[in-house]
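Below are the chains, spelled out letter by letter.
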Amino acid sequence: MSTIRRFQVTFDCAEPERVARFWCEVLGYVVSPPKGFATWDEYDRTRPPEDRGSWCACVDPAGEGPRLFFQRVPEGKTVKNRVHLDVRVGTGLSGAERLAALEAECARLLPLGATRVELLADEYDSCIVMRDVEGNEFCLD
């Protein structure tokens, strides 16, 4: 039996391209047009009007992180995510140095449309719970 090593993370959302571009800014990813198209807009123009903007994807330009896929769904978000991303900005740091790195990243993401929910901290660890532009939870860790 083979081991699967590649996967993508899929987000249900109302505005796939908007959410994809937010995550590109957070993670340093790039929007990845479908094979055979130079840009996302070029691809979207080939779709029937009712399907335009129904999905979008972004990738890690270094090829290390998973592909992120965003698909339009009719229902809105109603409850807490069962799965979320941890954006690892404080790895290897502790105490005030870790908290400063988390706060700096939080400050960078707020103008992009992120929302700060709460700081979770004790004497051993800390993280900041946030929401993306459509309210999906993620953590700065």
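Residues numbered from 1 in each chain as written. Predicted model: local features only at pLDDT ≥ 70, side-chain atom pairs only at ≥ 80, totals over all residues. Heavy atoms only, no water.

Undergrad: Help me understand the nonpolar core, please; the structure alone is not making it clear to me.
TA: Taken as a class, soluble globular proteins show a tendency for nonpolar side chains to be buried jointly. Counting residues in each nonpolar core, the largest one holds 26 residues, and the members touching the most others are Trp23, Phe70, Met130, Phe138 and Leu140. Those elements that provide at least two residues to this core are strand S1 (8–13), helix H1 (16–27), helix H2 (40–45), strand S3 (55–59), strand S4 (67–72), helix H3 (95–109), strand S7 (126–131) and strand S8 (137–140). Once you skip the residues sitting within four places of it in the chain, Phe70 turns out to touch Phe11, Cys13, Pro16, Val19, Ala20, Trp23, Ser54, Trp55, Cys56 and Cys58. (Core = buried A, V, L, I, M, F, W, Y, C linked by side-chain atoms within 4.5 Å. Buried < 20%, exposed > 50% of the residue type's maximum accessible area, 1.4 Å probe, protein only. Helix = DSSP H or I, 4+ residues; strand = E, 2+ residues; numbered from the N terminus. Contact = heavy atoms within 4.5 Å.)

Undergrad: Sorry, what's going on with the packing of aromatic side chains here?
TA: The final tally for this structure, using the stated rule, is 10 aromatic pairs. Centre to centre, the rings of Phe37 and Tyr43 are 5.3 Å apart; their planes meet at 75°, and the pair counts as edge-to-face. Overall, the relative accessible area of 27% leaves Phe37 in the partly exposed class. Relative to Tyr43, the ring of Trp40 has its centre 5.5 Å away and its plane inclined at 50°; by these criteria the two rings are tilted. Residue Trp40 and its partner Tyr43 are located together in helix H2, separated by 3 residues, close to a single helical turn. (Phe/Tyr/Trp six-rings, centres within 6.5 Å; stacked < 30°, edge-to-face > 60°.)

Undergrad: What should I look at first to understand H3 in this one?
TA: With 15 residues, H3 should reach 21 Å at 1.5 Å per residue; the first-to-last C-alpha distance of 22 Å fits that figure. Within H3 the residues assigned to the buried category are Arg98, Leu102, Glu105, Cys106 and Leu109. For H3, the angular spread of the buried residues around the axis is 105°, confining them to a single face. Residues of H3 that are exposed and angled more than 90 degrees away from the buried face: Ala96 and Glu97. (Expected span 1.5 Å × (residues − 1). Arc of directions from axis to C-beta.)

Undergrad: Teacher, can you tell me more about the sheet that holds S4 here?
TA: Consider a sheet: its strands pair through backbone hydrogen bonds, and that pairing is either parallel or antiparallel. Within the open sheet, the 4 strands sit side by side as S1-S4-S3-S2. Their pairing is mixed. The outermost strands of the open sheet, each flanked by one partner alone, are S1 and strand S2 (30–31). By the bridge criterion, 2 bridges tie S2 to S3 in an arrangement that is antiparallel. Among the inter-strand pairings, Val31 is bridged to a residue of S3, identified as Cys58. Packed onto the sheet, H1 meets S1, S2, S3 and S4 and runs at close to 155° relative to S4. (Pairing = 2+ DSSP bridges. Axes fitted to C-alpha atoms, helices over the stretch in contact; angles between N-to-C directions.)

So, to be careful, I would describe these as geometric facts and stop short of saying anything about function.
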